[in-house]
Amino acid sequence: MCQAQSRKILTLVLIRESSRVLLGMKKRGFGKGNWNGFGGKVKVGEETIEDGAKRELLEECGLVAPCLDKIGELDFEFLGNPEIMEVHVFKTDSFEGIPAESEEMHPRWFSIERIPYHQMWPDDKYWFPLFLKGSCFKGHFLFEGFNKIISHSLKEVETF
Ligand SMILES: Nc1nc(SCCc2ccccc2)c2[nH]cnc2n1
């Protein structure tokens, strides 16, 4: 018997300069202990998903990003959980401010040659290289628990 599935819209922002990417060490909550982009929920009342992404970026590391480029859509499904996380991924290379630690995140720049995949979500090693080479992508990852990917699909797309 299939379960009815619902979707939760979430955001993820990657700040990319020519040879380095800003990541945050998640200090608490979902994904604690992983380096990740900045993001989270979209609030009721936010006009667009992009607005939610900008808000989370500002809250989590103090950066203002006037414009974000949509680069990916990733669905994360966890065995036994009918709610699929639909993560909208954005990037930018233009921002204002100095990355600052928050209650949620401890920011750090990483050379694109030394992305800490061993301390990131296991799916990142699949799609992060597409982000680094400037591609747009769509993917679906089925997890058992939080560390094991049972199956996945990932494709490059022309545009969003
Ligand atoms: N890179 C990555 N990120 C996430 S959650 C990102 C969205 C989020 C959700 C909740 C709080 C803050 C941010 C993942 N989940 C499963 N694999 C994953 N990979």
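Just so it is clear, the structure is predicted and the values come from calculations on it, not from any experiment. (Residues numbered from 1 in each chain as written. Predicted model: local features only at pLDDT ≥ 70, side-chain atom pairs only at ≥ 80, totals over all residues. Heavy atoms only, no water.)

Caption draft 1: Spatial organisation of the overall build of the protein. Check the secondary structure of the protein and you find two helices and nine strands. Going residue by residue from the N terminus, the α and β elements of the protein occur as β-β-β-β-α-β-β-β-α-β-β. For 160 residues, the compact-globule estimate of 2.2 N^0.38 gives 15 Å, and the C-alpha radius of gyration of the protein, at 15 Å, lies within 12% of that figure. In terms of its C-alpha atoms, the protein occupies a principal-axis envelope of roughly 50 × 40 × 35 Å. Sorting the 160 residues of the protein into buried and exposed places 44% on the buried side. A fraction of 63% describes how many contacts in the protein between residues 6 or more apart in sequence connect residues 24 or more apart. For the protein, the accessible surface area stands at approximately 8,700 Å², while carbon and sulfur atoms represent 51% of it. Once the 21 positive and 25 negative side-chain charges of the protein are each reduced to a mean point, those two points are 4 Å apart. (Helix = DSSP H or I, 4+ residues; strand = E, 2+ residues; numbered from the N terminus. Rg over C-alpha atoms; globule rule 2.2 N^0.38 Å. Buried < 20%, exposed > 50% of the residue type's maximum accessible area, 1.4 Å probe, protein only. Contact = heavy atoms within 4.5 Å. Areas by Shrake-Rupley, 256 points an atom, 1.4 Å probe, with all protein chains shown as cover. Lys, Arg positive; Asp, Glu negative; His and termini not counted. Charge placed at Lys NZ, Arg CZ, Asp CG, Glu CD.)

Caption draft 2: Structural view of helix α2 (residues 124–132). Restricting attention to buried positions, one finds in α2 the residues Asp-124, Trp-127, Phe-128, Leu-130, Phe-131 and Leu-132. One or two positions beyond α2, positive phi appears at Gly-134, with a value near 90 degrees.

Caption draft 3: Quick look at the layout of surface pockets. Here the largest pocket is characterised by a volume of approximately 660 Å³. Contributing to the lining of the largest pocket are 30 residues, with Leu-10, Lys-26, Phe-30, Gly-40 and Met-85 lying nearest its centre. Those elements that provide at least two residues to the lining of the largest pocket are β1 (6–16), β4 (38–41), α1 (49–61), β5 (69–78), β6 (81–92) and α2. Here the residues of the lining of the largest pocket sort into 13 nonpolar, eight polar and nine charged. (1 Å grid on protein atoms, 1.4 Å probe; cavity = no way out; pocket = protein on both sides within 12 Å on 5 of 7 lines; lining within 4 Å. Points joined across faces, edges and corners; volume = space filled by probe spheres on them. Nonpolar A, V, L, I, M, F, W, Y, C, P; charged D, E, K, R; others polar.)

Caption draft 4: The environment of Cys-61, seen in detail. Here Cys-61 lies in helix α1. Between the alpha carbons of Cys-61 and Pro-99 there is a distance of 5.2 Å; along the sequence they are 38 residues apart. Ignoring anything within four residues of it in the chain, the contact list for Cys-61 reads Leu-22, Phe-38, Ile-98, Pro-99, Ala-100 and Pro-107.

Caption draft 5: Highlighting the site of the ligand. The environment of the ligand is made up of 13 residues, and the closest members are Asn-36, Gly-39, Trp-121, Asp-123 and Asp-124. Interatomic distance of 3.0 Å between a side-chain N/O atom of Asn-36 and a nitrogen atom of the ligand. One of the side-chain nitrogen or oxygen atoms of Asp-123 is found 2.7 Å away from a nitrogen atom of the ligand. About the coverage of the ligand: the protein hides 92% of its 440 Å² of free accessible area. If you map the ligand onto the pockets, it falls in the largest pocket. (Near = heavy atom within 4 Å. Polar contact = N/O pair within 3.5 Å; in protein donor to acceptor, adjacent residues only side chain to side chain. Sits in = over half its atoms within 2 Å of the grid points.)

Caption draft 6: Region of the structure containing the pattern of salt bridges. Enumeration according to the criterion identifies 14 salt bridges in this entry. Of the charged contacts in the structure, one is a salt bridge between Glu-103 and Arg-28, with a shortest N-O distance of 3.3 Å. With Glu-103 in the loop between β6 and β7 (105–111) and Arg-28 in the loop between β2 (20–26) and β3 (35–36), this pair connects stretches of sequence that are 75 residues apart. You can call Glu-103 exposed: its relative accessible area is 60%. (Salt bridge = Lys/Arg side-chain N within 4 Å of Asp/Glu carboxyl O.)

Caption draft 7: Here's a closer look at the environment of Cys-67. Looking at the element boundaries, Cys-67 is found in the loop between α1 and β5. Owing to a relative accessible area of 42%, Cys-67 belongs among the partly exposed residues under this scheme. The spacing of Cys-67 and Phe-95 is 28 residues in sequence and 8.3 Å in space, taken between C-alpha atoms. Setting aside residues no more than four positions away along its own chain, Cys-67 makes contact with Glu-50, Lys-54, Thr-92 and Ser-94.

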